[in-house]
Amino acid sequence: MRIDRRSFWFLDAVVELRENLAVLGSPNIEVITNRRPHGLAARELAPMLASLCEAGLIRVKHSETDALARTLPEIESALAMSSCAPGRYSGFWYGLTPEGGAVWESLARPDWSRYFTGWSDGEEHCIEAGGHELAEEEFARASSQPSRVLVPGSAVWTVRRPWSATYWKTAPVGFQVRYRSTRGKWDRVAEGIWEKRHPVQRPWYEQPAF
């Protein structure tokens with residue numbers, strides 16, 4: 001399958017997390033995905049997804065039954081069965097296969113040492129990165145946020161060999177820090193100063209020119 005700008009969008013959209021099919025047809029897609037829309041008409045969605053499935057680049061699967069959709073009729077049915085109502089996503093999701101990830105990497109040329117991810121659950125937090133320096137930078141950034149107060153001595157560092165960077169990508173090594181924080185005093189001015197001093201991470205992969 002020849003990858004062009006539009007088909008690349010569908011691979012790029014699920015590099016970090018799988019996506020619900022209903023999002024692809026949502027009028028709020030730009031807000032939900034925080035990226036420009038794919039530019040396809042509604043009638044073009046199913047054929048695009050089916051062609052990516054046929055090429056072995058993506059997998060479309062039901063979130064509860066694990067049923068797969070591969071053919072054009074199955075993809076059309078999966079789109080109709082999926083929903084992305086706020087807080088009530090259901091139906092089918094799609095994500096990269098290892099082959100799809102390899103194609104994405106060949107075009108985007110990512111630097112996994114500049115990639116990081118993480119989660120926060122109340123007072124518990126976790127940051128993982130492909131480079132130790134980046135992990136330290138992100139830990140310093142997150143733990144210094146004015147609205148949170150780092151619990152002294154709570155940071156635990158671990159080297160992951162190998163490291164599951166995403167659901168499809170395994171890197172040779174990654175660096176993890178888990179820590180705890182308590183709620184601080186929210187201050188609009190302090191937050192604004194903090195955001196200026198801690199800009200968003202630099203891009204870790206390229207956008208290919210088609």
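Preceding this section is the structure that the text describes.
Summarised in this report is the structure supplied together with it.

So, how was this worked out
Residues numbered from 1 in each chain as written. Predicted model: local features only at pLDDT ≥ 70, side-chain atom pairs only at ≥ 80, totals over all residues. Heavy atoms only, no water. Helix = DSSP H or I, 4+ residues; strand = E, 2+ residues; numbered from the N terminus. Buried < 20%, exposed > 50% of the residue type's maximum accessible area, 1.4 Å probe, protein only. Contact = heavy atoms within 4.5 Å. Lys, Arg positive; Asp, Glu negative; His and termini not counted. Charge placed at Lys NZ, Arg CZ, Asp CG, Glu CD. Disulfide = S-S within 2.5 Å. Pairing = 2+ DSSP bridges. 1 Å grid on protein atoms, 1.4 Å probe; cavity = no way out; pocket = protein on both sides within 12 Å on 5 of 7 lines; lining within 4 Å. Points joined across faces, edges and corners; volume = space filled by probe spheres on them.

### Some thoughts on the overall build of the protein chain
Then, in step 1: Within the protein chain, the secondary structure is distributed over eight helices and 13 strands.
Then, in step 2: The C-alpha extent of the protein chain, read off along each of the three principal axes, is 55 × 35 × 35 Å.
Then, in step 3: Classification of the 210 residues of the protein chain by burial places 40% in the buried group.
Then, in step 4: Put simply, of all contacts in the protein chain between residues at least 6 apart along the chain, 68% involve residues at least 24 apart.
Then, in step 5: With 26 positive and 26 negative side-chain charges, the protein chain shows a spacing of 3 Å between the two charge centroids.

### Considerations on the state of the cysteines
Then, in step 1: All chains considered together, the criterion is met by zero disulfides.
Then, in step 2: Note on C53: no disulfide assigned, nearest cysteine sulfur contributed by C84 at a separation of 19 Å.
Then, in step 3: Given a relative accessible area of 13%, C53 falls into the buried group.

### Examining the pairing of strand β7 (residues 116–121)
Then, in step 1: Examined bridge by bridge, β7 and strand β8 (residues 124–129) share six bridges and lie antiparallel to one another. Residue pairing across strands places W119 opposite C126, the latter belonging to β8.

### Brief notes about the layout of surface pockets
Then, in step 1: Of the pockets and cavities examined, the second largest pocket occupies roughly 270 Å³.
Then, in step 2: The wall of the second largest pocket is formed by R5, R6, F8, W9, D12, R35, R36, P37, H38, Q207, P208 and F210.

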